[in-house]
Amino acid sequence: MEETIKRKPFDTRIHEIDFLRGLLMVLVVMDHIFNLLMSFNRDWAGGLTAIEAGNGLQPFLTIYQVAHFYWTNPARMVVRWICLAAFCFVSGISCAFSRNNWKRAGQMIGLWFFILVFSNVGQSLIDHYDLNFGIASARVDFNIIGVLAWSTLIYCFVQDKSWKALLIVALIGLAIHPICVVLSWTDWGKSPDTYAIPFWRPTYDLEAGYGPYRQADFMPLFPYLSFFFAGAIVSKFTYSVSKKSYFKKHEWERPICFLGRHSLIVYISHFLVLIGIFSLVGVFIK
């Protein structure tokens, strides 16, 4: 009797896609760690007033300054845009050889809607009970999960078409982006009464007394939908046809590929875990 040999995911999946997605997740986690280092150490150092006066408590003041330098550095924004585009690109590649994109789109939209409701309810509780978790807002109406969810749904309608149809959708997404940017500059676009998610970041200004749409995380659908479709186009000529890897596999890739295979779970859970850790440390510091 022959024994069935079960092959592990690392041996059967296209490892370079998992590896790139996992590497991007490492950068995301690192980015959020710096964000929380900045937020929590600002309070631990004595608040912005003490920090600006140079009277912040050490070593929290130094940690805050390092994290703040990283978070406000223009190079970080450029790297962030590249990473977000790469994440959408890789997701587009994967979507092009998925067995059931309609199911995948439904699951993603359900997840996006859950995050939308959960984060809004969470923010309401934070406001009502005056809680402090080291973040300015818990509200997430539209972020990369929403972008990938709606991009996948739109892809479902053209997945059986030629690459030219995918290119048209990608070009339309690029064309809509500057329109959204211009509209966001107008008085209507800047108005706190204008709810333009998922097209551009909503206006908020807590000091001026308005800002109902302040977000903990945000990512517009345009132009990132175009990068998703760019990945789908590449896959039309490569992975969706050959169903194989194009790069040599190495054992040291396993941990990063593991993160890539479970990127959604890591993305959703890691920030809650980090907030819990920082909050627990804060109890001892105080």
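Refer to the structure above for everything that follows.
Rules of the game
- Residues numbered from 1 in each chain as written.
- Predicted model: local features only at pLDDT ≥ 70, side-chain atom pairs only at ≥ 80, totals over all residues.
- Heavy atoms only, no water.
- Helix = DSSP H or I, 4+ residues; strand = E, 2+ residues; numbered from the N terminus.
- Buried < 20%, exposed > 50% of the residue type's maximum accessible area, 1.4 Å probe, protein only.
- Contact = heavy atoms within 4.5 Å.
- Areas by Shrake-Rupley, 256 points an atom, 1.4 Å probe, with all protein chains shown as cover.
- Lys, Arg positive; Asp, Glu negative; His and termini not counted.
- Charge placed at Lys NZ, Arg CZ, Asp CG, Glu CD.
- Core = buried A, V, L, I, M, F, W, Y, C linked by side-chain atoms within 4.5 Å.
- Salt bridge = Lys/Arg side-chain N within 4 Å of Asp/Glu carboxyl O.
- Phe/Tyr/Trp six-rings, centres within 6.5 Å; stacked < 30°, edge-to-face > 60°.
- Axes fitted to C-alpha atoms, helices over the stretch in contact; angles between N-to-C directions.
- Parallel < 35°, antiparallel > 145°, perpendicular 65-115°, else oblique.
- Left-handed = near helix turned anticlockwise from the far one by under 90°.
- Nonpolar A, V, L, I, M, F, W, Y, C, P; charged D, E, K, R; others polar.
- Expected span 1.5 Å × (residues − 1).
- Polar contact = N/O pair within 3.5 Å; in protein donor to acceptor, adjacent residues only side chain to side chain.
- Patch = residues over 30% accessible without salt bridge, like charges linked within 9 Å, V, L, I, M, F, W, Y side chains within 5 Å.

(A) Examining the overall build of the chain more closely. Along the chain, the regular secondary structure elements total 13 helices and zero strands. Reading the helices (α) and strands (β) of the chain from amino to carboxyl end gives α-α-α-α-α-α-α-α-α-α-α-α-α. Taken along the three principal axes of its C-alpha coordinates, the chain extends 70 × 55 × 35 Å. Within the chain, buried positions represent 43% of all 286 residues. Taking the contacts inside the chain whose residues are at least 6 apart along the sequence as the reference set, 76% of them involve residues at least 24 apart. By element, 67% of the accessible surface of the chain is carried by carbon and sulfur atoms, the whole surface being about 16,500 Å². Computed over 25 positive and 19 negative side-chain charges, the inter-centroid distance for the chain is 11 Å.

(B) Representation of the nonpolar core in the model. If you look at the biggest cluster of nonpolar residues, it comprises 46 residues, and the most contacted ones within it are Ile144, Ile145, Tyr155 and Phe229. Of all the secondary-structure elements, those providing two or more residues to this core are helix H2 (15–44), helix H5 (74–96), helix H6 (101–129), helix H7 (144–156), helix H8 (163–185), helix H10 (224–237) and helix H13 (263–285). A total of eight residues in this core trace back to one element, the largest contributor, which is H7. Apart from the residues within four sequence positions on either side, Ile144 is in contact with Leu84, Phe87, Met219 and Tyr267.

(C) How the structure looks around the pattern of salt bridges. Across all of its chains, the model carries five salt bridges by this definition. Salt-bridge contacts for Asp18 lead to Arg13; the nearest nitrogen and oxygen are separated by 2.7 Å. The closest approach of N and O atoms between Arg21 and Asp18, which form a salt bridge, is 3.4 Å. One end of the pair is Arg21 and the other is Asp18, both in helix H2 and three residues apart, which spans about a single turn. Here the salt bridges do not stand alone but share partners, grouping Arg13, Asp18 and Arg21 into one network.

(D) Representation of the packing of aromatic side chains within the structure. This model, assessed by the stated rule, comprises 18 aromatic pairs. Aromatic pair Tyr239 and Tyr246: ring centres 5.1 Å apart, planes at 80°, arrangement edge-to-face. Residue classification places Tyr239 among the buried residues on the basis of a relative accessible area of 9%. Take Tyr246: its relative accessible area is 40%, and that puts it in the partly exposed class.

(E) Representation of the packing of H2 against H13 within the structure. In the contact formed by H2 and H13, the axes pass within 10 Å of each other and the chain directions differ by 25°. Taken together, H2 and H13 sit at an angle that is classed as roughly parallel. Between H2 and H13 lies a crossing of right-handed hand. On the side of H2, the interface is formed by Arg21, Met25, Val28, Val29, His32, Ile33, Asn35, Leu36, Leu37, Phe40 and Trp44, while H13 contributes Ser263, Val266, Tyr267, His270, Phe271, Leu274, Ile275, Phe278, Ser279, Val281, Gly282 and Ile285. Tallied by class, residues from the contact of H2 with H13 come to 16 nonpolar, six polar and one charged.

(F) Expanded view of H5. Between its first and last C-alpha atoms H5 spans 34 Å; for 23 residues at 1.5 Å apiece the expected length is 33 Å, and the two agree. One side-chain oxygen at the N-terminal end of H5 lies 2.9 Å from the backbone nitrogen of Ala75; it belongs to Asn73.

(G) Region of interest: the environment of Arg214. Mapped onto the secondary structure, Arg214 falls in the loop between helix H9 (187–190) and H10. Arg214 sits 74 residues away from Val140 along the chain, and the two C-alpha atoms are 8.7 Å apart.

(H) Molecular detail of a nonpolar patch on the surface. A surface patch of nonpolar side chains, amounting to about 650 Å² of accessible area, comprises Phe113, Val117, Val121, Leu125, Tyr129, Leu131 and Phe133. Secondary-structure assignment places Phe113 in helix H6.

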